[in-house]
Amino acid sequence: MGRVLVVVDYQKDFVDGALGFEGAKRLEPGILALVEEYVKTGDPVVFTLDTHGEDYLSTREGRYLPVPHCKKASPGWRLYGGLERFMEEDHPHVYLAPKFAFGAQNYSYLARYAPDQITLAGVVTNLCVMANAVILQTAFPNAEVVVDGRLCASNDPILHGKALDVMAGMQMKVLR
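Cut-offs and rules
- Residues numbered from 1 in each chain as written.
- Predicted model: local features only at pLDDT ≥ 70, side-chain atom pairs only at ≥ 80, totals over all residues.
- Heavy atoms only, no water.
- Core = buried A, V, L, I, M, F, W, Y, C linked by side-chain atoms within 4.5 Å.
- Buried < 20%, exposed > 50% of the residue type's maximum accessible area, 1.4 Å probe, protein only.
- Helix = DSSP H or I, 4+ residues; strand = E, 2+ residues; numbered from the N terminus.
- Contact = heavy atoms within 4.5 Å.
- Polar contact = N/O pair within 3.5 Å; in protein donor to acceptor, adjacent residues only side chain to side chain.
- Pairing = 2+ DSSP bridges.
- Axes fitted to C-alpha atoms, helices over the stretch in contact; angles between N-to-C directions.

Engineer: For this particular structure, what's the right way to read the nonpolar core?
Structural biologist: Buried together is how nonpolar side chains tend to be arranged in soluble globular proteins. Within the largest apolar cluster, 29 residues are counted, with the highest numbers of intra-cluster contacts made by Tyr10, Ile31, Val35, Phe47, Leu83 and Val123. Of all elements in the fold, only β1 (2-8), α1 (12-15), α3 (28-41), β2 (45-50), β4 (115-123) and β5 (144-153) reach the threshold of two or more residues within this core. No other element matches the 5 residues that α3 contributes to this core. When near neighbours in sequence (up to four residues on either side) are disregarded, Val35 contacts Leu5, Val7, Val45, Phe47, Leu83 and Phe86. The next biggest cluster of nonpolar side chains, apart from the first, holds 26 residues, and it includes Val46, Tyr107, Tyr113 and Phe140.

What follows is the structure, encoded as structure tokens:
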């Protein structure tokens, strides 16, 4: 049994790029410290990467949010700040997980770690963080899903709080 950290979409376009917001910038020191702790102890870290192509504006998401962002391999697609190095460094238990919708489609590679605790941090609380939390809770029904609300943010603080309330209501442990 083990623990897993999932950092959701902490990418340049969500921090200081096309969809960036001030609240996201403040998360970097805490997320970086948590990632370094997990890497030091050999516990797995997953970085989800919101990933879009040239056709983004013709997708369902693009029709509702017509702001091109996180185009694969663009500067805005990369992890933000001190986390960017994890895209280049080789760590045996660090995973980059491109995703093409709000939630990652497959977390089955984590089964070998038999997670009993899965912690999430990142952006955007009321969209991708919540979607991935639900997916992980479904994929690993006996694991405690922990959403570190202190290390999550939304461009809408009211929706951030509501999302944390919903996840707490879904029997996730929410840290505030």
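Engineer: For this particular structure, what's the right way to read the side chain of Gln11?
Structural biologist: Examined against the element boundaries, Gln11 turns out to sit in the loop between β1 and α1. Gln11 sits in the buried class, given a relative accessible area of 0%. A polar side-chain atom of Gln11 sits 2.8 Å from the main-chain carbonyl oxygen of Trp77. Sequence-distant contacts of Gln11, that is, excluding residues within four places in its chain, are made with Thr48, Leu49, Asp50, Cys70, Gly76, Trp77, Arg78, Leu79 and Tyr80.

Engineer: Mind showing me how you'd approach the sheet that holds strand β3 (residues 94-99) here?
Structural biologist: Each strand in a sheet pairs with its neighbour through backbone hydrogen bonds, running either in the same direction (parallel) or in the opposite one (antiparallel). Read from one edge to the other, the open sheet built from 6 strands follows the order β3-β2-β1-β4-β5-β6, with strand pairing classed as parallel. Either end of the sheet is taken by a strand with one partner, and the two such strands are β3 and β6 (173-175). Averaged over all pairs of adjacent strands, the angle between their axes in this sheet comes to 20°, without regard to strand direction. As paired strands, β1 and β4 are joined by 7 bridges and run parallel to one another. Note on β4: the bridge partner recorded for Val6 is Leu120. Strands β1, β2, β3, β4 and β5 of the sheet are contacted by helix α5 (residues 125-139), whose axis makes an angle of about 170° with β4. Sheet contacts for helix α6 (residues 157-169): β5 and β6; angle to β5, the most-contacted strand, approximately 170°.

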